[in-house]
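# Summary of structural features
The lines below spell out each chain.
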Amino acid sequence: MPNTSPIGLGRRIVLRLVTALVTAFYGVYRLHPVLWRFTARHYQPSFERFARVNAWMIAQQAYLDVPAYRRYLDESGFRPRFGFRWWNLSAFRPTSKKDYVDRFSEDDRCWGGSIVTVGTVVDESSGSSGTPYNWMRSKDELRTVHANVAGYITLLFGSRRLFCINAFSMGAWATGTNTGLAMSKVAMVKNTGPDIEKIVDTLKHFGPSYTYLISAYPPFLKHLRDRLDAEGFDWDAYELNGFVGGEALTEGLRDYLEQRFARVYSGYGASDLTIGMAGESDLSVWLRRSLVANTDLRARVLGPDEDRTPMIFQYNPLETYLETTAEGELLVTLNSTAIMSPKVRYNIGDEARLVSFPDMSGYVAAFPRLALAFERAFASQRMKLPFVLLFGRKDSTISYMGANIYPLDVENGLYLDNPYAAEIESFKLSLLDIGELEQRPVIHLQLRPGATLAPDARADLRARSAAGVLRHLASVSRDIAQSLAEDASTADVRIELHDHGTGVFAGTSSKIKNVYLVTSGEAAAGAAGGDS
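Residues numbered from 1 in each chain as written. Predicted model: local features only at pLDDT ≥ 70, side-chain atom pairs only at ≥ 80, totals over all residues. Heavy atoms only, no water.

### A word on the confidence of the model for the chain
Keep in mind that low pLDDT regions are not for reading the predicted coordinates in detail. Confidence in the prediction of the chain, expressed as mean pLDDT, is 85, and 85% of residues score 70 or more. Averaged pLDDT values for the elements of the chain fall to 54 in helix 17 (residues 520–525) and rise to 97 in helix 12 (residues 357–365). (pLDDT = per-residue confidence, 0-100. Helix = DSSP H or I, 4+ residues; strand = E, 2+ residues; numbered from the N terminus.)

Given below as structure tokens:
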């Protein structure tokens with residue numbers, strides 16, 4: 001395709017020279033995980049300007065050399081002219097799966113309009129939100145991703161006799177294969193996939209002399225814990241740790257897992273973009289728990305009207321430049337020309353807030369007792385990276401009594417101090433029309449395979465689950481708490497139990513990630529599939 005860019009020849013030459021210099025810098029920076037760790041521990045707010053300039057250069061370079069991106073900007077009247085607007089990253093129209101990926105071919109979304117085939121790996125998104133998508137990763141891109149993940153993992157777990165059992169799916173999904181390759185830079189790896197039998201056999205065969213790291217989706221790690229408990233596994237002899245991703249991890253589930261696992265951390269990524277965009281640290285976990293326990297700190301960080309508790313991660317803007325829209329949605333620019341299909345100001349539909357390390361430290365400093373705890377938590381990994389406070393997808397909720405009920409809050413209520421937690425495989429949410437223009441929330445619980453509960457135990461499970469969910473919702477949502485005080489019917493949260501693979505869970509066993517909302521078709525097909 002001929003270059004018809006309105007950017008003049010002189011500016012194109014300058015831009016390419018500067019881009020070449022920055023690319024050379026990043027080439028050195030990404031050579032080894034130790035450099036990632038060094039940057040994470042010595043990050044300064046002044047680096048943010050460099051990261052933003054790099055994101056701007058990626059956008060400018062994509063406008064010059066990526067046919068689809070040029071057409072995408074041109075159709076909105078984009079005309080880069082020398083002056084403030086030319087240097088302004090926000091002048092570049094945000095992209096998304098619907099507005100950009102769905103409209104242009106893979107070739108046209110690549111540098112030069114061409115796919116480089118040698119060394120390129122094609123990943124597939126899980127399809128949990130609809131039709132699966134194919135995502136191409138170049139050889140250089142994968143090398144960078146693996147080094148970054150390896151650097152982060154060694155900050156959390158070290159590398160001495162580290163044995164990673166990779167329980168993410170080993171199919172075409174991005175997370176599984178890339179996690180295994182990244183871990184192999186700093187650990188011994190066995191890619192079992194989500195196969196509990198293989199994991200149990202592996203632990204027995206290699207014995208307790210390793211530091212184990214099980215990487216998996218959060219629900220699978222719970223299933224593994226329950227299975228090992230049932231077999232009388234000698235937890236005291238082994239050190240097992242968990243690293244989860246793909247969906248949110250609640251503090252209720254973390255507490256349940258850490259009754260057995262030494263430590264459990266979560267990472268944040270997206271198949272559209274890359275794995276390892278951000279990750280938890282001891283500091284971010286402490287902050288998240290402190291937001292629940294301390295209402296004054298919560299008001300400072302989230303504002304007085306925010307009832308939700310986000311996941312909190314730290315991220316490296318030199319690698320992944322993040323912004324938020326006026327509506328609070330996250331925009332992501334991957335700061336590398338190694339990304340074969342550039343992602344520029346890409347909106348994946350996640351709601352988030354960004355807080356710099358100095359700002360977060362300042363919020364906590366107002367509370368001297370908390371400030372000491374902040375310093376103790378920081379001392380573990382000593383990462384000075386900024387924070388992304390992730391609320392998740394806006395379409396993963398049900399609304400009730402003027403409040404949004406989020407899967408994270410339901411999961412907290414189900415698993416925290418629930419003696420039947422081991423019997424629960426997964427859950428889904430729906431709203432039930434009870435007539436008279438009223439609705440009630442329904443929590444569908446799928447029992448684990450082979451679970452046999454007597455009628456009294458089933459009734460007790462339903463009662464305890466409903467009580468736990470209501471208790472947690474009231475603690476995090478003032479709307480729910482007020483409604484409970486004013487109207488006793490607010491407590492009418494329905495719990496439906498389903499034997500494994502029945503009712504609204506029929507045909508879902510092939511899903512790699514949990515899907516939390518019941519579709520209208522599922523509701524009709526599974527109406528008689530549960531007991532309540």
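### Some remarks on the nonpolar core
Among the nonpolar cores identified, the biggest contains 117 residues, and Y69, I153, L203, L240, F261, I443 and L445 are the most heavily contacted of them. Beyond its immediate sequence surroundings of up to four residues, F261 is in contact with I214, L221, L224, R225, W235, L240, N241 and G242. (Core = buried A, V, L, I, M, F, W, Y, C linked by side-chain atoms within 4.5 Å. Buried < 20%, exposed > 50% of the residue type's maximum accessible area, 1.4 Å probe, protein only. Contact = heavy atoms within 4.5 Å.)

### Quick word on the packing of helix 10 (residues 282–293) against helix 11 (residues 295–302)
Interhelical geometry of helix 10 versus helix 11 gives an angle of 115 degrees and a closest axis separation of 6 Å. What the angle tells us is that helix 10 and helix 11 run roughly perpendicular. Packed against helix 10, whose contacting residues are S290, L291, V292 and A293, the element helix 11 presents T295, L297, R298, V301 and L302 at the interface. Among the residues forming the contact of helix 10 with helix 11, the class breakdown is 6 nonpolar, 2 polar and 1 charged. (Axes fitted to C-alpha atoms, helices over the stretch in contact; angles between N-to-C directions. Parallel < 35°, antiparallel > 145°, perpendicular 65-115°, else oblique. Nonpolar A, V, L, I, M, F, W, Y, C, P; charged D, E, K, R; others polar.)

### As for the side chain of T320
One can find T320 in strand 11 (residues 320–324). If sequence neighbours within four positions are ignored, T320 has contacts with M277, Y315, V332, T333 and L334.

### Some remarks on helix 13 (residues 368–381)
Along helix 13, the positions that sit buried rather than exposed are L370, A373, F374, A377, F378 and Q381. For helix 13, the angular spread of the buried residues around the axis is 140 degrees, confining them to a single face. When the buried face of helix 13 is taken as reference, the exposed residues oriented beyond 90 degrees from it are P368, R369, L372 and R376. Backbone geometry just after helix 13 places R382 at a positive phi near 60 degrees. (Arc of directions from axis to C-beta.)

### A look at the sheet that holds strand 17 (residues 424–435)
Ordered by their spatial adjacency, 3 strands build an open sheet running 17-18-19, and the pairing between neighbours is mixed. Both edges of this open sheet fall to strand 17 and strand 19 (494–498), since each of them pairs with a single strand only. Averaged over all adjacent pairs, the angle separating strand axes in this sheet is 25 degrees, with direction ignored. Of the strand pairs in this sheet, strand 18 (residues 438–447) and strand 19 are connected by 5 bridges, and their pairing is parallel. Each bridged residue has a counterpart across the sheet, and for H444 the counterpart in strand 19 is E496. Along the sheet, helix 14 (residues 407–415) contacts strand 17 and strand 18; its crossing angle with strand 17, the most-contacted strand, is approximately 115 degrees. (Pairing = 2+ DSSP bridges.)

### Here's the deal with the packing of aromatic side chains
On inspection of all chains with the given rule, the structure shows 26 aromatic pairs. For the ring pair Y133 and W135, a centre distance of 5.7 Å and an interplane angle of 15 degrees mean the geometry is stacked. Site record: aromatic cluster; members linked through ring pairs are F163, F206, Y210, Y212, F233, W235, Y238 and F261. Note that R93 overlies the ring of Y72, its terminal NZ or CZ placed 3.9 Å from the centroid. The ring of F391 carries the charged tip of R308 above its face, separated from the ring centre by 4.2 Å. (Phe/Tyr/Trp six-rings, centres within 6.5 Å; stacked < 30°, edge-to-face > 60°. Lys NZ or Arg CZ within 6 Å of the ring centre and 35° of its normal.)

### A look at the pattern of salt bridges
Summed over all chains, the structure comprises 28 salt bridges. For the salt bridge of D226 with K222, the shortest nitrogen-to-oxygen distance reads 2.8 Å. Taken together, the positions of D226 and K222, both in helix 8 (residues 218–230) and 4 residues apart, correspond to about one turn of that helix. The same class applies to D226 and to K222, which are both buried. (Salt bridge = Lys/Arg side-chain N within 4 Å of Asp/Glu carboxyl O.)

### A few points about helix 3 (residues 47–65)
Spanning 19 residues, helix 3 covers 27 Å between terminal C-alpha atoms, matching the ideal 27 Å at 1.5 Å per step. For helix 3, every residue scored as buried is listed here: A51, N54, A55, W56, M57, I58, A59, Q60, Q61, A62, Y63 and L64. (Expected span 1.5 Å × (residues − 1).)

### Concerning the environment of L228
Summarising the element assignment, L228 is placed in helix 8. We classify L228 as buried; its relative accessible area is 1%. In the structure, L228 is positioned 32 residues away from I196 in sequence and 9.3 Å away in space, judged by C-alpha atoms. In this structure, L228 is in contact with V200, L203, F233, W235 and L240, ignoring residues within four places of it in sequence.

### Thoughts on the pairing of strand 7 (residues 239–244)
Taken residue by residue, a regular strand's side chains alternate between the two faces of the sheet. In terms of burial, strand 7 is largely enclosed, as 5 of its 6 residues are buried. As paired strands, strand 6 (residues 211–216) and strand 7 are joined by 6 bridges and run parallel to one another. Across the sheet, residue L213 finds its bridge partner in strand 7, namely N241. Between strand 6 and its parallel partner strand 7, the chain crosses via helix 8, and the hand of that crossover is right-handed. With 3 bridges connecting them, strand 7 and strand 8 (residues 264–270) associate as parallel partners. Looking across to strand 8, one finds that V244 is bridged to S266. (Right-handed = clockwise from strand over helix to strand, strands pointing away.)

### A look at the environment of T95
By secondary structure assignment, the location of T95 is in strand 1 (residues 95–96). Taking the C-alpha atoms as reference points, T95 and Y69, 26 residues apart in sequence, are found 9.0 Å from one another. A distance of 2.9 Å separates the side chain of T95 from the backbone oxygen of V344, its partner in a polar contact. (Polar contact = N/O pair within 3.5 Å; in protein donor to acceptor, adjacent residues only side chain to side chain.)

### So, unusual backbone geometry
Backbone geometry follows two general trends: most residues other than glycine have a negative phi, and most peptide bonds adopt the trans configuration. Of note, R345 is a non-glycine position whose phi angle comes to about 50 degrees, a positive value. One can find R345 in the loop between strand 12 (329–334) and strand 13 (346–355). Judged by relative accessible area, R345 falls into the buried class, the value being 7%. Although it is not a glycine, D417 adopts a positive phi angle of roughly 60 degrees.

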